[in-house]
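These are the residues of each chain, in order.
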Amino acid sequence: MVRLFRDVLQEKDFVVTAEIGPPKGTDVSRLVHHIELLRDRVDALNVTDNQSSVMRVSSLAACRLIVEHGGEPILQLTCRDRNRLALQSELLSAWVLGVRNVLCLTGDYVTVGDHPEAKPVFDLDSVQLLQTVQYLNQGRDLAGNNLEGATDFLAGSVVTPEADPLEPQLVKFAKKVRAGARFFQTQAVYDLDRFRRFMEQARRLLAQNQMGPVKILAGIVLLTSAKMARYMNEHVPGIMVPESLIEQLTGAEKGKALQVGIQIAGRLIRQIQQERLCDGVHIMAIGKEERVPDILAEAGLA
Amino acid sequence: MIVAERKPLDEIEAMLASAERVLVVGCGTCVAVCMAGGEKEVELLASELRMRAQASGQRRRIDQVTLTRQCDREYLDALAAYVEEYDVLLSTACGAGVQLLAERFDGKLILPALNTRFIGTAEGPGVWSQRCLACGQCLLHLTGGVCPVTRCPKNLLNGPCGGTNHGKCEVNPENDCAWTLIYRRLEKLGRLDLLDAIQPPKDYRPMTKPARLVHPAFQTESAPPTK
Amino acid sequence: MKDSIACLGTETEGTGSGAFEPKVVAFCCTYCAYTAADLAGAMRLEYPPNVRVVQVLCSGKVEAEWLLRAFEEGADAVYVAGCALGDCHFLEGNRQALRTVAYAKRLLAEVGLEPERLEFFHIPASAGTLFAQRAREMTDRARRLGPSPLRSKQAVESRKLVLPPDPHPPLPPAQLGRRIRESEEL
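Residues numbered from 1 in each chain as written. Chains lettered and ligands numbered in written order. Predicted model: local features only at pLDDT ≥ 70, side-chain atom pairs only at ≥ 80, totals over all residues. Heavy atoms only, no water.

J.: Let's hear about the packing of aromatic side chains: which residues, and what values?
T.: Residues and elements named next belong to chain A. Tallying each qualifying case throughout the model produces ten aromatic pairs over all chains. Geometrically, the ring pair formed by Phe173 and Phe184 is tilted, given 4.6 Å between the ring centres and 50° between the ring planes. Of this pair, Phe173 sits in helix α6 (residues 167-178) while Phe184 sits in strand β6 (residues 183-188); the two residues are eleven residues apart in sequence, bridging distant segments of the chain. Here the aromatic rings of Phe173 and Phe198 are separated by 6.2 Å at their centres, their planes lie at 70°, and the arrangement is edge-to-face. Of this pair, Phe173 sits in helix α6 while Phe198 sits in helix α7 (residues 192-208); the two residues are 25 residues apart in sequence, bridging distant segments of the chain. In textbook terms, an aromatic cluster arises when at least three aromatic residues are bridged by ring pairs, as seen for Phe173, Phe184, Phe195 and Phe198. A cation sits over an aromatic face here: Arg100 above Trp95, 3.8 Å from the ring centre. (Phe/Tyr/Trp six-rings, centres within 6.5 Å; stacked < 30°, edge-to-face > 60°. Helix = DSSP H or I, 4+ residues; strand = E, 2+ residues; numbered from the N terminus. Lys NZ or Arg CZ within 6 Å of the ring centre and 35° of its normal.)

Structure, rendered in structure tokens:
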């Protein structure tokens, strides 16, 4: 029997989650393969919600597949595609289908995706979505109506430790905690000195405001090539791959860059765990989910 | 001010189709200021249309007139004596002006020559940027005079998203991140405390279309009873 | 100004021999290009008779409408000549003219005319030779491009409506304001 992510967060010293992406289309065989590969190796599996504004199978459907295959899903829910009615309805449906964890995000803007002409929604923002989850947990909806049967979600959110400027980011981080976020899965982290400074500030903020307990899982995005690393530096705000890592990838033998990327990810995870920088890691091996076990092996977590 | 831009000439030509007698109707208010549909722009558009017709040998008459304002009925009356002479009226007003023209002269085909873009301010000569979404519930007192509803593509009310990038916006790196502006300005004002409260979900009812407003002085229902 | 452009159309067409003789209109700033034209004359420099010079106080005064109007009335090429950058008698009139010409080029392209038919030149007052050179250059360019597609075409009928005085002016007449102030004084 799979353990609830809520219990794992409380009991385990170092929590590991991973992200999988649903297919664009109805063929879920690869998705199911990833679920079976990872369900016992990590503590919970996130499912992205139309990641990068590219239309796919819904996060909810994939989360249900995870439940059916004996895993523990984390439903990612963005504010981009649904207004407050659809968001609440999706949350209730998720609870009904056995999903117990939800990660509340703002969502990428529509123009970066494959339907750039679409009408963006953003009726709520991520803080308000977290509040909404709390209302549903208390047995009422956003309008104050009583529910026949409440939810009891464990809610989480995201934070960007390397955002520049960081101060407004921390303002929102604190609001998210107050709005009920109990865990954070961060944007990709590569420079551990910067991440350490972020953690110090975040911990101070939590202590000052007597908030807690809040678990923070460092985001680990698998680097597949030097090109990808450079692309992220240029195009993805809040991600900063240090030049030394890019050099390692460039220096790799032909066809071995991915292997080097896996070693880098493993090394980062090991260092985070040894130094107890935070409470765990969240592995995003975008499109390379089948290599997550290799990353775990490199990190000594297999 | 309403900011608009002229449609491409080809598009306007296609709308005019075979119309022979065309009156270009300018508007001397917002669109004159944003150099899209005032007297000068009417003159340029008429000139371009004439040159097109002249080059192709098309039979066409292009007259021009610029009204003080197209979105107020009073200013349209002066046109009444002339409209019958034309097949179409090509309006260089904002969408509001075009519609009032169509309402006032309902037997006449009215065509829009502009695309109405936004309510904004001038950044400098010839450059305008959007500043107000007419959301009907101003919250600028909470955000240091910088509107997140207009200036953040995701209209976030509680702080920046993860896409904030060295003070710029991920959706368009040319734009400032509204939330960095808000933070910096409140910091300067010593009012960061304004960011403490979690802003509730926005009430979008005032934005229900079509909106209508009756000034209190013109409301017909009886005044509240005196105590 | 409009009269001087309009007279273009009434002039006799070329040499009458059937060979294409371009009509070129030059809007010349009083302080530099126009003075340079004078100088060119005094120096007995030859430049093509195709160029009709229109004197303007400052190249910055030239409006895009005038440039289009010149083409409408049969010009094959048009240029605006102003002072060297930094030498404008009105400080930055020539910068304004550069912008106007660039804008009018876009409009010409939109209409379907070659934007090269329109140009801006800097011609200082002392540059009589340069004035003649630019005049030749623009005439040759017009010759190369051939007659403007608008040439010798039936002009399109057009007029500006003159509306009766606005019964609802956006501001009260100034006189009224004066009267009120006078009455206050009483």
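Past the structure itself, the notes keep going.
J.: Lay out the nonpolar core in plain terms, naming residues and giving numbers.
T.: By size, the foremost hydrophobic cluster in this structure holds 90 residues, and its most contacted members are Val102, Tyr190, Val241, Ile272, Val281 and Ile283 of chain A. Looking at this core element by element, the count peaks at eight residues for helix α10 (residues 257-275) of chain A. When sequence neighbours within four positions are dropped, the list of residues in contact with Ile272 of chain A reads Phe14, Leu192, Ala218, Ile220, Leu277, Cys278 and Val281 of chain A. Membership of the second largest hydrophobic core comes to 43 residues, among which are Leu49 and Val88 of chain B together with Val101 and Phe120 of chain C. (Core = buried A, V, L, I, M, F, W, Y, C linked by side-chain atoms within 4.5 Å. Buried < 20%, exposed > 50% of the residue type's maximum accessible area, 1.4 Å probe, protein only. Contact = heavy atoms within 4.5 Å.)

J.: So what's going on with the domain arrangement of chain B? Residues and values would help.
T.: Once the domains are mapped, chain B shows domain 1 (2-117) and domain 2 (135-200). Look at where the C-alpha atoms of domain 1 of chain B and domain 2 of chain B centre, and you get two points 39 Å apart. (Domains from an automatic or database assignment.)

J.: Go over the interface of chain A and chain B with me, naming the residues and quoting the values.
T.: Between chain A and chain B, the residue contacts involve 28 residues of the former and 30 residues of the latter. The junction of chain A with chain B conceals about 2500 Å² of combined surface from both sides, 55% of it contributed by carbon and sulfur atoms. Its largest share of buried area at the contact with chain B, chain A owes to Tyr109, Lys175 and Pro237 of chain A, together 22% of the area lost on that side. For the pair chain A and chain B, the number of links is one salt bridge. Ionic pairing is found between Arg184 of chain B and Glu167 of chain A, a salt bridge with its closest N-O pair at 3.9 Å. At the boundary of chain A and chain B, one finds 14 residue pairs in polar contact (both at pLDDT 80 or more). (Buried area = accessible area lost by both parts, 1.4 Å probe. Salt bridge = Lys/Arg side-chain N within 4 Å of Asp/Glu carboxyl O. Polar contact = N/O pair within 3.5 Å; in protein donor to acceptor, adjacent residues only side chain to side chain.)

J.: Break down the sheet that holds strand β2 (residues 21-27) of chain B for me, citing the residues and quoting the values.
T.: Residue and element names in this part refer to chain B. Here we have four strands laid out as an open sheet, ordered β3-β2-β4-β5, and parallel in their pairing. What marks the edges here is a single partner per strand, and that holds for β3 (61-67) and β5 (109-112). The mean inter-strand angle of the sheet, taken between neighbouring strand axes irrespective of direction, is 25°. As defined by bridge partners, strand β4 (residues 88-91) adjoins β5 across four bridges and the pair is classed as parallel. (Pairing = 2+ DSSP bridges. Axes fitted to C-alpha atoms, helices over the stretch in contact; angles between N-to-C directions.)

J.: Describe the sheet that holds strand β2 (residues 51-56) of chain C, with residues and values.
T.: Note on sheets: strands pair through backbone hydrogen bonds, and any given pair is parallel or antiparallel. Residue and element names in this part refer to chain C. One open sheet holds the four strands; their spatial order is β2-β1-β3-β4, and the pairing between them is parallel. Each edge of the open sheet carries a strand with a single partner, namely β2 and β4 (118-122). Neighbour to neighbour, the strand axes of the sheet diverge by 20° on average, direction disregarded. In this structure, strand β1 (residues 24-29) lies alongside strand β3 (residues 77-82), joined through five bridges in parallel fashion. Bridge assignment links Phe27 to a residue of β3, and that residue is Val80. Helix-sheet contacts for helix α3 (residues 64-72) involve β1, β2, β3 and β4, and the interaxial angle to β3 is about 150°.

J.: Account for helix α5 (residues 126-137) of chain A, naming residues and giving values.
T.: Residues and elements named next belong to chain A. Its twelve residues place the ends of α5 17 Å apart at the C-alpha level, agreeing with the 16 Å of an ideal helix rising 1.5 Å per residue. Most of α5 sits inside the fold, with ten of its twelve residues counted as buried. For α5, the full list of buried residues reads Ser126, Val127, Gln128, Leu129, Leu130, Gln131, Thr132, Val133, Leu136 and Asn137. Between the side-chain oxygen at the start of α5 and the backbone nitrogen of Val127 there is a gap of 3.2 Å, and the oxygen is on Asp125. One or two residues past the end of α5 sits Gly139, with phi positive at roughly 90°. (Expected span 1.5 Å × (residues − 1).)

J.: Which residues make up the interface of chain B and chain C, and what are the values?
T.: Taken residue by residue, the interface counts 31 residues in chain B and 31 residues in chain C. On the chain B side of the contact with chain C, Leu44, Met51 and Gln54 of chain B bury the most area, a combined 25% of that side's loss. Viewed at the interface, chain C and chain B are joined by eight salt bridges. Where chain B touches chain C, the interface holds 20 residue pairs in polar contact (both at pLDDT 80 or more). Every element with two or more residues in the side of chain B that touches chain C is listed here: α3 (39-56), β3 and α4 (73-76) of chain B. Ranked by residues supplied to the side of chain B that touches chain C, first place goes to α3 of chain B with twelve residues. Looking at side-chain class alone, the side of chain B that touches chain C contains 15 nonpolar, four polar and twelve charged residues. (Nonpolar A, V, L, I, M, F, W, Y, C, P; charged D, E, K, R; others polar.)

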